[in-house]
Amino acid sequence: MRVLVRLLPALLLPCLLAACIFGGGGDRPTPRQSARQSARPAPSAPTSRETRQCEANLTRAGYSFRSLPDRDFGGGCSINGAVQLLDIGVPVTGIKAMRCGLADKFTGWITHGVRPAAIQILGSDVVRVETFGTYACRNIRGNAAYSTKRSEHASANAVDISGFTLADGRHITIEKDWNSSDPQIRRFMEIIHRSACKRFRTVLSPDYNSAHYNHFHMDMGGGTFCR
Ligand SMILES: [Zn+2]
């Protein structure tokens, strides 16, 4: 596994940041659902001090990353206070720029939520995390009420998780296994979803809408919502 981890930066580096656009599903609850959420103020772009503090947290936790320069791509798409994770103890596919606060929650979720759950419930550690990506200059999808608004992906403040490979070779995907006939896999899904909702501000699963049939959307935007 360490070999794979060491290879990860080499695999990721050729992908130029602005060229790596990944799609994803819709990102927002409907207005009716939003009304049930607690009203925390929407976080704006982080200050450089907040980013430095966040990066110190990542370093202290033992994760390897590189800081990315702030960039404004125009049209409401920008990257501020972002990092590229290089080694979080398990290879992760498809992640490019992530706002540091999102990277902090994501690494914590993988290390303290997903991997322990896989070991305890499924008897096998996660050896690969698969995503549909982070930054994408696009609007929210899957919800007409928000279709003219920029997604949290447009500021690298969201990540879409599609599946996991276990050390025993099993391949678990949100699409295939969210409603698995295996009660242990269903339990694993339930636990990691609950763990995500404790960490991220918004988490959308296949139970939310059809746009999320194959991934968990997780973001650190202004809302708080879990489904
Ligand atoms: Zn998403």
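Further up the page is the structure itself.
The paragraphs below set out a description of the structure included in this document. Bear in mind the structure is a predicted one, so any value in this text is a computation, not a measurement. (Residues numbered from 1 in each chain as written. Predicted model: local features only at pLDDT ≥ 70, side-chain atom pairs only at ≥ 80, totals over all residues. Heavy atoms only, no water.)

1. Overview of the overall build of the chain
Helix and strand counts for the chain stand at 6 helices and 12 strands. Counting across all 227 residues of the chain, residues that qualify as buried make up 54%. The long-range fraction of contacts in the chain, counting pairs at least 24 apart against all pairs at least 6 apart in sequence, stands at 66%. (Helix = DSSP H or I, 4+ residues; strand = E, 2+ residues; numbered from the N terminus. Buried < 20%, exposed > 50% of the residue type's maximum accessible area, 1.4 Å probe, protein only. Contact = heavy atoms within 4.5 Å.)

2. Quick word on the packing of helix 4 (residues 100-122) against helix 6 (residues 183-199)
For any two helices packed against each other, the geometry is given by the interaxial angle and the distance between the axes. Running from N to C, helix 4 and helix 6 cross one another at 160°; their axes reach a closest spacing of 10 Å. The angle between the axes of helix 4 and helix 6 places the two elements in the roughly antiparallel class. In the packing of helix 4 onto helix 6, the handedness of the crossing is right-handed. From helix 4, Lys105, Gly108, Trp109, His112, Gly113, Val114, Ala117, Ala118, Ile121 and Leu122 reach across to helix 6, where they touch Gln184, Ile185, Arg187, Phe188, Ile191, Ile192, Ser195, Ala196 and Arg199. When the residues that make up the contact of helix 4 with helix 6 are grouped by side-chain class, the tally is 11 nonpolar, 5 polar and 3 charged. (Axes fitted to C-alpha atoms, helices over the stretch in contact; angles between N-to-C directions. Parallel < 35°, antiparallel > 145°, perpendicular 65-115°, else oblique. Left-handed = near helix turned anticlockwise from the far one by under 90°. Nonpolar A, V, L, I, M, F, W, Y, C, P; charged D, E, K, R; others polar.)

3. Quick notes on the state of the cysteines
The term disulfide refers to a covalent linkage connecting the sulfur atoms of a pair of cysteines. Scanning the entire structure with this criterion turns up 3 disulfides. Disulfide partner of Cys54: Cys100, at an S-S distance of 2.1 Å. Taking the sign of the S-S torsion, about -95° here, the bridge from Cys54 to Cys100 comes out left-handed. Of this pair, Cys54 sits in helix 3 (residues 48-60) while Cys100 sits in helix 4, placing them 46 residues apart in sequence. Given a relative accessible area of 9%, Cys54 falls into the buried group. Accessibility expressed as a relative area gives 1% for Cys100, which makes it buried. Here Cys197 engages in a disulfide with Cys226; their sulfurs sit 2.1 Å apart. Torsion about the S-S bond of the Cys197 and Cys226 cystine: about 80°, corresponding to right-handed handedness. Taken together, the residues Cys197 in helix 6 and Cys226 in strand 12 (residues 225-226) connect sequence positions 29 residues apart. (Disulfide = S-S within 2.5 Å.)

4. Digging into the sheet that holds strand 6 (residues 98-99)
Pairing in this open sheet of 3 strands is antiparallel, and the strands run 1-4-6 from one edge to the other. Single-partner strands in this sheet number two, and they are strand 1 (64-67) and strand 6. Of the pairings in the sheet, the one linking strand 1 to strand 4 (residues 82-87) comprises 4 bridges and is antiparallel in character. Within strand 4, the residue paired with Ser64 across the bridge is Asp87. (Pairing = 2+ DSSP bridges.)

5. Notes on the coordination of the zinc ion
Coordination of the zinc ion by the protein is provided by His153 (NE2), Asp160 (OD), Asp160 (OD) and His217 (ND1), with metal-donor distances spanning 2.0 to 2.8 Å. Considering all 4 donor atoms around the zinc ion, the spread of angles at the metal, 51 to 156°, places the coordination shape in the irregular class. Sequence spacing of the donor residues for the zinc ion, all on one chain, is H-x6-D-x56-H. Here His153 is found in the loop between strand 7 (126-133) and strand 8 (158-166), whereas its partner His217 is found in strand 11 (residues 216-219), with 64 residues between them in sequence. Overall, the relative accessible area of 1% leaves His153 in the buried class. Judged by its relative accessible area of 0%, His217 falls in the buried class. (Donors = N, O, S within 2.8 Å, 3.2 Å for Na, K, Ca; no water. Tetrahedral: all angles 85-135°; square planar, octahedral: opposite > 155°, others 65-115°.)

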